[in-house]
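Commentary on secondary and tertiary structure
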Amino acid sequence: MSRAAITDLYEIDALLTDEERAIRDTVARFIDTKYLPIVGKHFRHNTFPDELIPELAELGVFGATLKGYGCAGLSNVAYGLILQELERGDSGLRSFASVQSSLCMFPIYAYGNDEQKERFLPKMAAGKLIGCFGLTEPDYGSDPGGMVTRARKDGDGYVLNGSKMWITNGTIADVAIVWAKVDDGGAESIRGFLVEKGMPGFVAKEIEGKFSLRASYTAELSFSDVRVPAKNMLPGVQGLKGPLSCLNKARMGIAFAVMGAAVACFEGARDYTLSRKSFGKPIAGYQLSQEKLADMLQEIVKGQLLALRLARMADEKGKVSPEQVSLCKRNNVKAALEIARSARSMYGANGVMDEYPPIRHMLNLESVFTYEGTHEVHTLIVGKAITGLNAFGG
Ligand code: TGC
Ligand code: FAD
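A brief structural summary. Source: prediction; values computed, not measured.

Regarding the overall build of the protein chain
When helices and strands are counted, the protein chain shows eleven helices and eleven strands. A compact globule built from 394 residues would reach a C-alpha radius of gyration of about 21 Å, and the protein chain, at 21 Å, matches this within 12%. Considered along the principal axes of its C-alpha atoms, the protein chain spans approximately 80 × 45 × 40 Å. Counting contacts in the protein chain only where the partners sit at least 6 residues apart, residues at least 24 apart contribute 73% of the total. Of the roughly 17,000 Å² that the protein chain leaves accessible, carbon and sulfur atoms contribute 55%. Here the protein chain contributes 46 positive and 46 negative side-chain charges, whose respective centroids are spaced 2 Å apart.

See below:
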């Protein structure tokens, strides 16, 4: 059996359509030829390859599941496969695409008016306009309902005050989807605003000192009396379900994607231990190594099947439940993180070097474990679905 066939031991490939395989393979070639040769440098220097954005657009990555507006109109499975390949490169590249597609283009598509869609989506699909998504605040991450950012109605617009933390793409974004509480005379309600670069009082500042997702922009956004015209408010949704519904889409993509990082770590550890010798024979020939590799492969097979089932259900039924998404994100990210840690150990001292992929993936996956709902939050979402009891707080 070939090495590639071993990674696909359960012939998951055969469950894909010709079109899905072709899309995946095209993105895989892009990653192998254009991204993998440079990702180490970007991770080391804490930079992002901006020059690849037009090529990603050309590949149809941005807003891939949306129809019209220059988007590819692909299935959720095809989108998951694209993200899996991007993540095989690095979570930073996949995060860029997830945020642009699921967290920025999707809310404009789902909750924007025609004018907003025409104005933003074609340019975002072409990679000429970059978006970010501001939900988390310095004091409100897992509990976004507690947010303190406020938009006060003032004449024909709103005045925005507050801040958002840990915002992927924040420093290069042309438009930030900012979720803020509005008092429209009744009870306060969360609304989404399209805050544009250059609006007076809006500042995006890169967060320094990350050990994780180094090849990705992460910013703090601050809003000091930012005047946002009423035409920049998303009219189609209010309440926490606005941002949370976008997260469903992004989390499903992430759950699919992280298996790409797991595959990179698994294949790397197998190849490394086949060529490196200890006590006179390849390290891969020892039972303890084989147990680690078998555990990795087993989790990859399970994770890929789970993600494929989730994305197919989304395609067939048009929707999946939050707990279905949470179970998959929870399982797959934890599995990928454990695979990366195990792979790292198999490289010995070389495993702590950034010239080999496992430690880069391992460090990235620590963020993925935390963002888009921490592992614990997803446990509680599944726990609530099982028991009917809310264990979040209060
Ligand atoms: P709760 O009372 O449960 O719900 C409030 C309202 O929201 C509705 N809802 C959902 N709607 C759509 N999809 C979902 N998944 C939903 N979950 C809840 C719910 O029905 C209700 O609607 P309504 O009409 O009755 O008002 O809200 P809660 O305050 O108790 O919080 C629940 C909790 C903890 C599950 C939620 O707040 C949560 O998921 N917290 C985690 C926050 C999070 O994931 N933040 C992610 C920020 S973005 C990010 O990390 C990007 S990283 C991107 C990258 O680089 O890839
Ligand atoms: P906290 O909510 O303070 O949680 C701290 C710990 O307490 C966690 O382990 C958590 O699971 C646990 N905890 C909290 N509540 C409970 C509970 N009820 N029961 C049990 N345990 C609990 N956000 C955005 O809005 N947009 C972005 O683009 C974005 N990009 C990100 C990029 C990176 C690199 C990172 C690291 C984060 C990003 N985030 C983004 C933020 C991310 O979504 C939050 O970090 C995450 O939601 C957790 O919030 P927190 O960091 O405030 O942790």
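Still more to cover.
Side note on the packing of aromatic side chains
Throughout the structure, instances matching the rule amount to eleven aromatic pairs. Centre to centre, the rings of Phe48 and Phe96 are 4.8 Å apart; their planes meet at 25°, and the pair counts as stacked. Within this pair, whereas Phe48 is found in the loop between helix 2 (18–45) and helix 3 (53–58), its partner Phe96 is found in helix 5 (residues 91–111), the two being separated by 48 residues in sequence. Judged on exposure class, the residue Phe48 and its partner Phe96 are both buried. Ring plane angle 85° and centroid distance 6.2 Å describe the contact between Tyr69 and Tyr109, whose orientation is recorded as edge-to-face. You can see Tyr69 sitting in the loop between strand 1 (67–68) and strand 2 (71–72) and its partner Tyr109 sitting in helix 5, a full 40 residues away along the chain. Overall, the relative accessible area of 23% leaves Tyr69 in the partly exposed class. Tyr109 gets classed as partly exposed once you look at its relative accessible area, which sits at 26%. The structure contains a cluster of three or more aromatic residues connected by ring pairs, namely Phe48, Phe62, Phe96 and Tyr217. The ring of Tyr158 carries the charged tip of Lys153 above its face, separated from the ring centre by 5.0 Å.

Overview of the layout of surface pockets
Of the pockets and cavities examined, the largest pocket occupies roughly 1,200 Å³. Residue lining of the largest pocket: 46 residues in total, with Gly141, Leu247, Arg251, Glu372 and Gly373 positioned closest to the centre. Here the lining of the largest pocket gets seven residues from one element, more than from any other, and that element is helix 7 (residues 241–275). Classifying every residue of the lining of the largest pocket gives 21 nonpolar, 15 polar and ten charged. Its boundaries defined by the atoms lining it, the second largest pocket holds a volume of some 440 Å³. Considering the residues around the second largest pocket, the lining is formed by 21 residues, among which Asp13, Arg24, Gln84, Glu85 and Gln304 are closest to the centre. Every element with two or more residues in the lining of the second largest pocket is listed here: helix 1 (3–7), helix 2, helix 4 (76–89), helix 7 and helix 8 (287–317). Per element, the largest residue contribution to the lining of the second largest pocket is five residues, and it comes from helix 7. There are two domains that each give the lining of the second largest pocket at least three residues, and those are domain 1 (3–125) and domain 3 (241–387).

Examining empty space enclosed by the protein
Counting across every chain of the model gives two cavities of 30 Å³ or more. Quantified by volume, the largest cavity comes out at close to 40 Å³. Lining the largest cavity are Gly63, Ala64, Thr65, Leu66, Tyr79, Ser101, Ser102, Phe106 and Lys249. For the second largest cavity, the calculated volume is near 30 Å³. Considering the residues around the second largest cavity, the lining is formed by Asn76, Tyr79, Gly80, Met252, Gly253, Phe256 and Ala311. Counting residues per element, the ones that place at least two in the lining of the second largest cavity are helix 4 and helix 7. Residue classes in the lining of the second largest cavity are distributed as four nonpolar, three polar and no charged. Looking at which domains feed residues into the lining of the second largest cavity, each of domain 1 (3–125) and domain 3 (241–387) gives three or more.

Overview of helix 7
With 35 residues, helix 7 extends 51 Å from end C-alpha to end C-alpha; this agrees with the ideal 51 Å at 1.5 Å per step. At Ala255, helix 7 is bent by approximately 25°, the largest bend along its length. The buried fraction of helix 7 amounts to 28 of the 35 residues, a majority that puts the element mostly inside the structure.

Here we look at the site of ligand 2
Around ligand 2 sit 17 residues, and of these Thr136, Ser142, Trp166, Thr374 and Phe392 come closest. Trp166 places a polar main-chain atom, nitrogen or oxygen, 2.6 Å from a nitrogen atom of ligand 2. The separation between a nitrogen atom of ligand 2 and a polar main-chain atom of Phe392 is 2.7 Å. In isolation ligand 2 offers 970 Å² of accessible surface; the protein chains occlude 67% of this area. Under a 2 Å grid-point criterion requiring more than half of the atoms, the pocket assigned to ligand 2 is the largest pocket.

Section: the pairing of strand 9 (residues 218–229)
Strand direction decides the pairing type here: strand 5 (residues 157–168) and strand 9, joined by nine bridges, are antiparallel. Across the sheet, the residue bridging to Tyr158 is Val228, located in strand 9. Sheet analysis places strand 8 (residues 202–206) next to strand 9, joined by five bridges and oriented antiparallel. The residue of strand 9 that forms the bridge with Lys205 is Glu220.

Definitions and cut-offs
Residues numbered from 1 in each chain as written. Chains lettered and ligands numbered in written order. Predicted model: local features only at pLDDT ≥ 70, side-chain atom pairs only at ≥ 80, totals over all residues. Heavy atoms only, no water. Helix = DSSP H or I, 4+ residues; strand = E, 2+ residues; numbered from the N terminus. Rg over C-alpha atoms; globule rule 2.2 N^0.38 Å. Contact = heavy atoms within 4.5 Å. Areas by Shrake-Rupley, 256 points an atom, 1.4 Å probe, with all protein chains shown as cover. Lys, Arg positive; Asp, Glu negative; His and termini not counted. Charge placed at Lys NZ, Arg CZ, Asp CG, Glu CD. Phe/Tyr/Trp six-rings, centres within 6.5 Å; stacked < 30°, edge-to-face > 60°. Buried < 20%, exposed > 50% of the residue type's maximum accessible area, 1.4 Å probe, protein only. Lys NZ or Arg CZ within 6 Å of the ring centre and 35° of its normal. 1 Å grid on protein atoms, 1.4 Å probe; cavity = no way out; pocket = protein on both sides within 12 Å on 5 of 7 lines; lining within 4 Å. Points joined across faces, edges and corners; volume = space filled by probe spheres on them. Nonpolar A, V, L, I, M, F, W, Y, C, P; charged D, E, K, R; others polar. Domains from an automatic or database assignment. Expected span 1.5 Å × (residues − 1). Bend = angle between axes of the 7 residues up to and from the residue. Near = heavy atom within 4 Å. Polar contact = N/O pair within 3.5 Å; in protein donor to acceptor, adjacent residues only side chain to side chain. Sits in = over half its atoms within 2 Å of the grid points. Pairing = 2+ DSSP bridges.

It is worth stressing that arrangement in space is one thing and function is another; only the former is reported here.
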